[in-house]
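Geometric and topological summary
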Amino acid sequence: MLVTHLSLQNFRNYTALDLALAPGPTVLWGDNAQGKTNLLEAVYLLSTGRSPRATADREFMTRCLPPEALPMTRLAAEVQRAAGPLKLELVLLAQDWADAARGGKASAPLAAGSRVGSGGNVQKRVRVNGTPRRLLDLVGQLPAVLFSPEDLELVTGSPVVRRRALDITLSQLDPGYARTLQRYQRVVLQRNHLLRLVHEGQAQERELAFWDGALLDLGAAIVWRRLQELAGLAPLASAIQAQLTGGRDILEARYAAAAEAVLPEAGAGTPTEVRAGLAAALERARRRELAQGQTVVGPHRDDLHLLVNGAAVGAFGSRGQQRTTALALKLAEAEHLRRQTGDDPVLLLDDVLSEMDSERRTALAAAARSFQQVLITTTDPAQFPANFLADATCYRVVAGRVEPR
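Residues numbered from 1 in each chain as written. Predicted model: local features only at pLDDT ≥ 70, side-chain atom pairs only at ≥ 80, totals over all residues. Heavy atoms only, no water.

Note on sheets: strands pair through backbone hydrogen bonds, and any given pair is parallel or antiparallel. Taking strand neighbours across the sheet as the criterion, the six strands line up as S9-S13-S14-S3-S15-S16 in an open arrangement whose pairing is mixed. Bordering the open sheet on either side are strand S9 (144–147) and strand S16 (401–404), each of which pairs with just one other strand. Across the sheet, the mean angle separating the axes of adjacent strands is 20° when strand polarity is ignored. As judged from the four bridges shared by S9 and strand S13 (residues 346–350), these two strands associate in the parallel manner. Within the sheet, the bridge partner assigned to Phe-147 lies in S13 and is Leu-349. (Pairing = 2+ DSSP bridges. Helix = DSSP H or I, 4+ residues; strand = E, 2+ residues; numbered from the N terminus. Axes fitted to C-alpha atoms, helices over the stretch in contact; angles between N-to-C directions.)

And the structure:
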């Protein structure tokens, strides 16, 4: 998998950019706040449809546009993959800004046939090989794995961070999983609303039966797929952790179900057995759910327990162990995607060397070079091993400009 060309318009600090990208490692270097991370974010957006750091879609848009200009951000990529060439395009339109620029008049309509998803005051338009598609259809077209300093939260953060990481991996492998997850989230919202009504005496408990069935059917499908993927991911992460630490650290990743649901081991069992475990837990939690007015059983409450040398690394590991564990999980995700799809994902590494010793830097460089394309940012190219830099394409990033070096 190769991104051969990246085009940005009004994205973050890039008013306009057309950048050819080569196979192998590409080092993007420069001072902080120049736009290095923005380039990785753009590729990740085209891969997953979501940003790893923005809280609102409007944050992407360049603020220095003239008043008469249509507030629009465009990202596009040309991709080489085993299945053939691919062109991806994501356009974001700020509806209210466009209305204001026209004196309150309605914005110009999108092209005929375009499918638009709304993100607050931002409209999104996706095209795959020139054909209008839904935002969800973008996921999996360009598999990519991003590791940034914020990914330390994979180890030290809340369960939602670990669930999201596992769900993103599964969604890139299986578009059907993403749709199942979306349906499940709607069921939880509806069921929570009904639980509150029952708690307040405005509905009957028997009305939960329909939503219980939907929760168990969709939830069991999600948990079973997570268990199957974890069976492949966990050994890879353990092997990479050992490689990065010279065999000193043994990493274990275990699936932890909410409300003490009894589930098969990762990679074992059947969807029927998973559903039975969730059903028993749901029955045991009924009084608690009615008292709290929310669903406490299901994949939206599950976690991934990470142990290094038998201890919870988030609570007891050193900063170096925690960072190495997060990196091992990301490299395992990339290797898992490669094995499952038969094509390399694009590896995006954002300032990963800053807290590593020379041994870990050398091990990371060796692991990164095994992928067909790696985009990596740094403030200091001297952090890289000399042989890694010799094989890399290097660009200096200065104030939204990308210059060959």
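What follows deals with the pairing of strand S15 (residues 393–398). Here four bridges tie strand S3 (residues 24–29) to S15, and the two strands are oriented parallel to one another. Its bridge partner being in S15, Trp-29 is matched across the sheet by Arg-396. Pairing between S15 and S16: four bridges, direction antiparallel. Bridge assignment links Val-397 to a residue of S16, and that residue is Val-402.

Summed over all chains, the structure comprises two aromatic pairs. Note on Phe-384 and Phe-388: the rings are 5.2 Å apart at their centroids and 5° apart in plane angle, and the pair reads as stacked. Phe-388 matches Phe-384 in its accessibility class, with the two residues each being buried. Above the ring of Phe-371, the side-chain terminus of Arg-338 is found at 4.1 Å from the ring centroid. (Phe/Tyr/Trp six-rings, centres within 6.5 Å; stacked < 30°, edge-to-face > 60°. Buried < 20%, exposed > 50% of the residue type's maximum accessible area, 1.4 Å probe, protein only. Lys NZ or Arg CZ within 6 Å of the ring centre and 35° of its normal.)

So, about the pattern of salt bridges. In total, this model carries 25 salt bridges according to the counting rule given. Close ionic contact of Glu-89 with Arg-74 constitutes a salt bridge, the shortest N to O distance being 2.7 Å. On the criterion of sequence distance, the pair formed by Glu-89 in strand S5 (residues 86–94) and Arg-74 in strand S4 (residues 72–80) is long-range, its members being 15 residues apart. A relative accessible area of 25% means that Arg-74 is categorised as partly exposed. Among the salt bridges present, the one from Arg-134 reaches Asp-137, with a minimum N-O distance of 3.2 Å. Look at Arg-134 and you get partly exposed, because its relative accessible area is 38%. Here Asp-137 falls in the buried class, since its relative accessible area comes to 12%. A network of salt bridges, in which partner residues are shared, links Arg-191, Glu-205, Asp-212, Arg-286, Arg-287 and Glu-289. (Salt bridge = Lys/Arg side-chain N within 4 Å of Asp/Glu carboxyl O.)

On average, residues of the protein chain score 88 in pLDDT, and 91% of them are at 70 or above. Summarising per-element confidence for the protein chain, the mean pLDDT is lowest in strand S6 (residues 116–119) (39) and highest in strand S12 (residues 311–312) (97). Considering only residues more than four positions removed or in separate chains, one finds that residues 104–120, a stretch of pLDDT under 50, has 30 contacts. (pLDDT = per-residue confidence, 0-100. Contact = heavy atoms within 4.5 Å.)

In this section: helix H1 (residues 36–48). Taking 1.5 Å of rise per residue, 13 residues should cover 18 Å, and H1 covers 19 Å from first to last C-alpha, within 8% of that figure. Directly after H1, the chain includes Gly-49, whose backbone phi takes a positive value near 80°. (Expected span 1.5 Å × (residues − 1).)

On to the environment of Ala-280, then. The residue Ala-280 is located in helix H7 (residues 271–284) in this model. Judged by its relative accessible area of 31%, Ala-280 is partly exposed. The spatial distance from the C-alpha of Ala-280 to the C-alpha of Val-297 is 9.9 Å, given a sequence separation of 17 residues.

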